[in-house]
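Tertiary structure, described
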Amino acid sequence: MFGRIGMGELLLILGIVLVIFGPSKLPALAKSMGQAVKEFRKGTQDVTEKIEKLADEPAIPEENKKNEADK
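Just so you know, these numbers come straight off a predicted model, no measurement behind them. (Residues numbered from 1 in each chain as written. Predicted model: local features only at pLDDT ≥ 70, side-chain atom pairs only at ≥ 80, totals over all residues. Heavy atoms only, no water.)

**Here we look at the overall build of the protein**
Rules: Strands are runs of DSSP state E lasting at least 2 residues, helices are runs of H or I lasting at least 4, and numbering of each runs from the N terminus. For every residue, the accessible area obtained with a 1.4 Å probe (protein chains only) is divided by the maximum for its type, and the residue is called buried under 20%, exposed over 50%, and partly exposed between those limits. Every accessible area reported is derived by Shrake-Rupley at a probe size of 1.4 Å, with residue values counting cover from the shown protein chains alone.
Along the protein, the regular secondary structure elements total three helices and zero strands. Reading the protein from its N end, one meets helices and strands in the order α-α-α. Of all 71 residues assigned to the protein, the portion counted as buried reaches 1%. Entry remark: accessible area of the protein is about 7,000 Å², with carbon and sulfur atoms responsible for 63%.

Next comes the structure, spelled out in structure tokens:
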């Protein structure tokens, strides 16, 4: 019921946005939304890369941890 937005709903939302912000503000609004999506994707990609890097590192055995702590 709430999972999909059809063409009619999308046009209604765009119409409301047009009335609220006006035609002169829409390009700036679209640009800022695009930049926000770009930054979000970059951030999620960085986190994913860090998690994958940590997952690929071999675990340090307990006896090595004790030896490193004594140093």
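There's plenty left to go through after this.
**Quick notes on a nonpolar patch on the surface**
Spelled out, the test is: Patch criteria: residues need more than 30% relative accessible area and no salt bridge. Like-charged residues are merged within 9 Å; nonpolar side chains of Val, Leu, Ile, Met, Phe, Trp and Tyr are merged within 5 Å. A pairing counts as a salt bridge when a side-chain nitrogen of Lys or Arg comes within 4 Å of a carboxyl oxygen of Asp or Glu.
On the surface, I5, M7, L10, L11, I13 and L14 cluster together into a nonpolar patch covering about 620 Å² of accessible area. Mapped onto the secondary structure, I5 falls in the segment before α1 (7–21).

**What to know about the confidence of the model for the protein**
Should the pLDDT be low somewhere, the predicted coordinates at that spot are not to be read in detail. So the rule is basically this: pLDDT measures the predictor's confidence residue by residue and takes values from 0 up to 100.
Considering every residue of the protein, the mean pLDDT works out to 84; 80% of them sit at 70 or more. Predicted confidence in the protein is weakest over helix α3 (residues 62–70), with a mean pLDDT of 60, and strongest over helix α2 (residues 26–56), with 92.

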